[in-house]
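What follows is each chain in one-letter form.
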Amino acid sequence: QGRSDEAIAVGTPALARQPRRAGFRLVMAEILWAAARREESLAAMREARRLAPGTSIFAYATAVELARMGRAGEAVATLEEGHRLHRAADLPAPDADRYTALVFESIDAEKAEAAWQRYVLALGRIARPTARDVSQRAAGLAALDELARRAPPSTPR
């Protein structure tokens, strides 16, 4: 709701009460990001990764933040770490494509587009999609549409 300062004021004591909860760190990182406190957000994300080193979501979320901060090299390396953890946990492949797309949206539009296409196609193959699956597929289609809008017009031959 755009009330980041209020959310930080509530979240800080919650973190103090349960400092080992990596998920709380992820939420605080998102709040700090919304408050334009990028380095603090990144520090919270890194702490979440330290607390749950075998969990891909924290590496993926860190990679997305790094990419949005213009730190492409770090973002891609962290994305690869997320992929390694994702494979080790034997998680469904579409999520890896989603995070690849999110990271590359600000680095390489062609790679982002290819990853979004794989993601959308994979979700479209689910026989009985959940509401989350449908919502995520819609988000992927919207991202593809946005990438197409940002693309420079093609030159006629």
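Relevant structure appears above.
Residues numbered from 1 in each chain as written. Predicted model: local features only at pLDDT ≥ 70, side-chain atom pairs only at ≥ 80, totals over all residues. Heavy atoms only, no water.

Chemist: Tell me about the overall build of the protein, residues and numbers included.
Modeler: A count of helical and extended segments in the protein gives 8 helices and 0 strands. Going residue by residue from the N terminus, the α and β elements of the protein occur as α-α-α-α-α-α-α-α. Each of the three principal axes of the protein carries a C-alpha extent, and together these read 60 × 35 × 30 Å. Across the 157 residues in the protein, those meeting the buried criterion constitute 39%. Long-range contacts, defined as pairs at least 24 residues apart, comprise 50% of the intrachain contacts of the protein with a sequence gap of at least 6. Carbon together with sulfur atoms contributes 54% to the accessible area of the protein, which is approximately 9500 Å² in total. (Helix = DSSP H or I, 4+ residues; strand = E, 2+ residues; numbered from the N terminus. Buried < 20%, exposed > 50% of the residue type's maximum accessible area, 1.4 Å probe, protein only. Contact = heavy atoms within 4.5 Å. Areas by Shrake-Rupley, 256 points an atom, 1.4 Å probe, with all protein chains shown as cover.)

Chemist: Please set out the pattern of salt bridges residue by residue, giving values where relevant.
Modeler: One pass over the full model with this rule turns up 11 salt bridges. A salt bridge links Arg 3 to Glu 6; the shortest N-O distance between them is 2.7 Å. Note on Arg 3: relative accessible area 46%, which makes it partly exposed. For Glu 6, a relative accessible area of 45% corresponds to the partly exposed category. A salt bridge links Glu 146 to Arg 150; the shortest N-O distance between them is 3.7 Å. (Salt bridge = Lys/Arg side-chain N within 4 Å of Asp/Glu carboxyl O.)

Chemist: Residue-level account of the packing of helix α4 (residues 56–68) against helix α5 (residues 72–88), with values.
Modeler: Following both chains from N to C, one finds α4 and α5 inclined at 165°, their axes separated by 8 Å at the closest point. On the basis of their axis angle, the class for α4 and α5 is roughly antiparallel. The two elements α4 and α5 cross, and the hand of that crossing is left-handed. For the pair α4 and α5, contact is made by Ser 56, Ala 59, Tyr 60, Thr 62, Ala 63, Leu 66 and Ala 67 and by Glu 74, Ala 75, Thr 78, Leu 79, Glu 81, Gly 82, His 83, Leu 85 and His 86, respectively. Considering only residue class, the contact of α4 with α5 consists of 8 nonpolar, 6 polar and 2 charged. (Axes fitted to C-alpha atoms, helices over the stretch in contact; angles between N-to-C directions. Parallel < 35°, antiparallel > 145°, perpendicular 65-115°, else oblique. Left-handed = near helix turned anticlockwise from the far one by under 90°. Nonpolar A, V, L, I, M, F, W, Y, C, P; charged D, E, K, R; others polar.)

Chemist: Describe the packing of aromatic side chains, naming the residues involved and giving the relevant values.
Modeler: Each aromatic ring pair is described using two quantities: the centre-to-centre distance and the angle formed by the ring planes. Inspection of the entire model under this criterion finds 2 aromatic pairs. Relative to Tyr 99, the ring of Tyr 60 has its centre 4.6 Å away and its plane inclined at 10°; by these criteria the two rings are stacked. Of the two residues, Tyr 60 sits in helix α4 while Tyr 99 sits in helix α6 (residues 93–104), which places them 39 residues apart along the sequence. Each member of the pair Tyr 60 and Tyr 99 is classed as buried. Centre to centre, the rings of Trp 116 and Tyr 119 are 5.8 Å apart; their planes meet at 65°, and the pair counts as edge-to-face. Here Trp 116 and its partner Tyr 119 are both found in helix α7 (residues 109–124), 3 residues apart, which amounts to about one turn of the helix. The pair Trp 116 / Tyr 119 is uniform in exposure class, with both members buried. The ring of Phe 24 carries the charged tip of Arg 21 above its face, separated from the ring centre by 4.5 Å. (Phe/Tyr/Trp six-rings, centres within 6.5 Å; stacked < 30°, edge-to-face > 60°. Lys NZ or Arg CZ within 6 Å of the ring centre and 35° of its normal.)

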